[in-house]
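Residue-level structure breakdown
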Amino acid sequence: MKQNLTAHPRTSTTHAAYTQSLTAFKDKLPNASMSSAASLPHPADLADQQAEDAQYYRRVLHELIDMGVDLARTVHQQATSQADPDGDPEAPTVHDTAVAFDRISRAVHRTVALARKVAEPLPTHEAAAGQGRVAARRRILREVEDVIQ
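Just so you know, these numbers come straight off a predicted model, no measurement behind them.

**Let's talk about the pattern of salt bridges**
Per the stated rule, a full pass over the model turns up three salt bridges. R106 serves as the salt-bridge partner of D102, at 3.1 Å between the closest nitrogen and oxygen. With D102 and R106 both in helix α4 (residues 94-119), this residue pair falls four residues apart, about one helical turn.

**Things to note about the side chain of T111**
Positionally, T111 belongs in helix α4. For T111, a relative accessible area of 15% puts it in the buried group. Here A107 takes part through its backbone oxygen, which lies 2.7 Å from a polar atom of the side chain of T111. Here T111 is in contact with L61, L64 and I65, once residues within four sequence places are set aside.

**A short note on a nonpolar patch on the surface**
On the surface, I140, V144 and I148 cluster together to form a nonpolar patch covering roughly 290 Å² of accessible area. Note that I148 resides in helix α5 (residues 125-148).

**Focus on the confidence of the model for the chain**
Confidence in the prediction of the chain, expressed as mean pLDDT, is 74, and 61% of residues score 70 or more. Per-element confidence in the chain ranges from a low mean pLDDT of 55 for helix α2 (residues 36-39) to a high of 90 for α4.

Rules and cut-offs
Residues numbered from 1 in each chain as written. Predicted model: local features only at pLDDT ≥ 70, side-chain atom pairs only at ≥ 80, totals over all residues. Heavy atoms only, no water. Salt bridge = Lys/Arg side-chain N within 4 Å of Asp/Glu carboxyl O. Helix = DSSP H or I, 4+ residues; strand = E, 2+ residues; numbered from the N terminus. Buried < 20%, exposed > 50% of the residue type's maximum accessible area, 1.4 Å probe, protein only. Polar contact = N/O pair within 3.5 Å; in protein donor to acceptor, adjacent residues only side chain to side chain. Contact = heavy atoms within 4.5 Å. Patch = residues over 30% accessible without salt bridge, like charges linked within 9 Å, V, L, I, M, F, W, Y side chains within 5 Å. Areas by Shrake-Rupley, 256 points an atom, 1.4 Å probe, with all protein chains shown as cover. pLDDT = per-residue confidence, 0-100.

Listed below in structure tokens is the structure:
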């Protein structure tokens, strides 16, 4: 069987088509000749975008939490209804139901933790710079004290 050497290894596209799509992708990237200051967003715009993103992430996470809690309730109802065996061979076993509940509850727990993390305010650049200055001052004071002693 003869192998097509011009085809991309993971797709059936030819090398020319692959190169053309790669060139089209590169054309969409920002031009390197542009000044870097002109291509950077204004810090206020960046802060607004980050705030909007954080709000969106919170909404999505709360929706995921609600869905997870609903699933956990459904699995709990299935588990309690299994106490009355009606001989259905298609019904999930108690073990399967317990595993499903465990996985769902862990997912909800992780999502709640992530929602708390997203709710924390982002550190500002000024605060980080201020902490660096405080650490530098402490280091200088220690060095001066060491010299004095």
